[in-house]
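# Observations on chain architecture
Here is how the chains run, residue by residue.
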Amino acid sequence: MTHPWFTGTSSPRVLAHRGFVPPDAEGIVENSVAAFAAAHAAGAVYVESDCHLTADGVVVFFHDDDLRRVTGDPRAIAAVHHAELERIMADRGGLATAADTLSAFPTLRFNLDVKAAAAARPVGRLVVPHAARVLLTSFSDARRRDALDAARHLGGEPATSAGRATIARVLAAVSTGSAGLVARALRDVDALQVPERQGAVRIVTPRLLRAAHAAGVEVHVWTINDRDDMDRLLDLGVDGLVTDRADLALQAVAARH
């Protein structure tokens with residue numbers, strides 16, 4: 001059965017990476033309330049974000065495990081309390097806590113990457129009321145499964161995409177040409193979210209797409225910001241683009257309808 005995260009919307013999907021910061025925007029940073037509002041205003045249905053835990057146990061949307069790149073503050077997010085982080089982000093588009101953001105944007109569908117082990121179970125518990133419009137993922141399959149287990153324990157069933165170890169098994173299975181091995185490798189995921197290449201190795205190929213689609217799993221490619229690359233991957237048959245340029249990707253998809 002197809003998870004509700006995928007239903008009632010058109011494909012290919014555009015996933016606004018950390019929200020959307022328009023090229024001419026001032027005072028807005030990624031993963032802020034303003035960035036999610038900008039993604040929504042641009043017409044995005046799906047937004048991608050990353051989950052960390054503050055010193056006092058609040059799940060917040062940040063990619064890095066420290067504040068250096070976004071705010072110039074070298075401290076780890078896990079060492080900063082929610083109230084202080086809220087003050088730091090006040091003139092950068094506003095702090096996006098997971099609870100507040102999920103409630104503030106009830107029509108958006110969230111792709112949430114669990115970045116910290118300590119955040120996994122809190123994220124899983126938090127998304128339960130919103131499980132129909134949440135996909136949980138992580139580079140770590142252990143973190144991903146911890147988050148899913150926490151949600152399922154409370155009756156929630158978010159969608160999920162593969163972590164690194166699962167992706168490695170899928171690629172190995174695809175190389176054998178065995179549909180059965182591919183199906184087993186993909187049995188507990190709804191999507192593969194992968195880069196087009198890993199170094200010199202091409203990951204997104206017609207063969208991978210055929211194998212994933214035969215198993216009922218979508219393939220989303222990150223992070224694609226060039227319009228020519230978007231068109232080329234859409235021509236190849238990918239199911240989603242994770243992008244910093246949601247505006248361009250939405251145009252690319254609209255041109256096909």
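My aim in this report is to walk through the structure given alongside it, one point at a time. Computed from a predicted structure; not experimentally measured. (Residues numbered from 1 in each chain as written. Predicted model: local features only at pLDDT ≥ 70, side-chain atom pairs only at ≥ 80, totals over all residues. Heavy atoms only, no water.)

## Here we look at the packing of aromatic side chains
On inspection of all chains with the given rule, the structure shows six aromatic pairs. Judged by centre distance (4.4 Å) and plane angle (55°), the ring pair of W5 and Y46 falls under tilted. Of the two residues, W5 sits in the segment before strand 1 (13-17) while Y46 sits in strand 2 (residues 46-53), which places them 41 residues apart along the sequence. The same class applies to W5 and to Y46, which are both buried. A centroid spacing of 6.4 Å and a plane angle of 55° characterise the contact between F36 and F110, whose relative ring orientation is tilted. Of this pair, F36 sits in helix 1 (residues 33-42) while F110 sits in strand 4 (residues 109-114), placing them 74 residues apart in sequence. Taken together, W5, F6 and Y46 form an aromatic cluster joined through their ring pairs. (Phe/Tyr/Trp six-rings, centres within 6.5 Å; stacked < 30°, edge-to-face > 60°. Helix = DSSP H or I, 4+ residues; strand = E, 2+ residues; numbered from the N terminus. Buried < 20%, exposed > 50% of the residue type's maximum accessible area, 1.4 Å probe, protein only.)

## A short note on the pairing of strand 1
Buried residues dominate strand 1, accounting for five of its five residues. Relative to strand 11 (residues 240-243), strand 1 is paired through four bridges, and the arrangement is parallel. Note that in strand 11 the partner of L15 across the bridge is V242. As paired elements, strand 1 and strand 2 share three bridges and run parallel to each other. Each bridged residue has a counterpart across the sheet, and for A16 the counterpart in strand 2 is V47. As for the winding sense of the linkage, the β-α-β connection from strand 1 through helix 1 to strand 2 is right-handed. (Pairing = 2+ DSSP bridges. Right-handed = clockwise from strand over helix to strand, strands pointing away.)

## Focus on unusual backbone geometry
Here the bond from S11 into P12 is cis, since omega is 5°, no more than 30 degrees from zero. Residue position: P12 is located in the segment before strand 1. For the bond running from W222 to T223, omega is -25°, close enough to zero to count as cis. Structurally, the position occupied by T223 is in the loop between strand 10 (218-222) and helix 10 (227-236). Of note, the phi angle at R18 is positive, near 60°, even though the residue is not glycine. Structurally, the position occupied by R18 is in the loop between strand 1 and helix 1.

## Some thoughts on the pattern of salt bridges
Think of it this way: side chains of opposite charge can pair up when their charged atoms draw near. Summed over the entire model, instances satisfying the criterion amount to 21 salt bridges. The partner of R75 in a salt bridge is E84, with the nearest N and O atoms 2.7 Å apart. Classification of R75 by relative accessible area gives partly exposed; the value is 30%. Here D188 makes a salt bridge to R144, at a shortest N to O gap of 3.5 Å. With D188 in the loop between helix 8 (179-185) and strand 7 (191-195) and R144 in helix 6 (residues 141-153), this residue pair connects regions lying 44 residues apart in the sequence. Of the residues examined, R144 reaches a relative accessible area of 0% and is grouped as buried. Through salt bridges that share partners, R18, E30, D50, D64, R69, D113 and K115 make up one connected network. (Salt bridge = Lys/Arg side-chain N within 4 Å of Asp/Glu carboxyl O.)

## Brief notes about the packing of helix 7 (residues 164-176) against helix 9 (residues 206-214)
Two numbers describe how helix 7 lies on helix 9: the axes approach to 10 Å, and their chain directions differ by 100°. The angle between helix 7 and helix 9 falls in the class roughly perpendicular. Facing V170, L171, V174, S175 and T176 of helix 7, the residues of helix 9 in contact are R207, L208 and A211. Along the lines of polarity and charge, the residues of the contact of helix 7 with helix 9 split into five nonpolar, two polar and one charged. (Axes fitted to C-alpha atoms, helices over the stretch in contact; angles between N-to-C directions. Parallel < 35°, antiparallel > 145°, perpendicular 65-115°, else oblique. Contact = heavy atoms within 4.5 Å. Nonpolar A, V, L, I, M, F, W, Y, C, P; charged D, E, K, R; others polar.)

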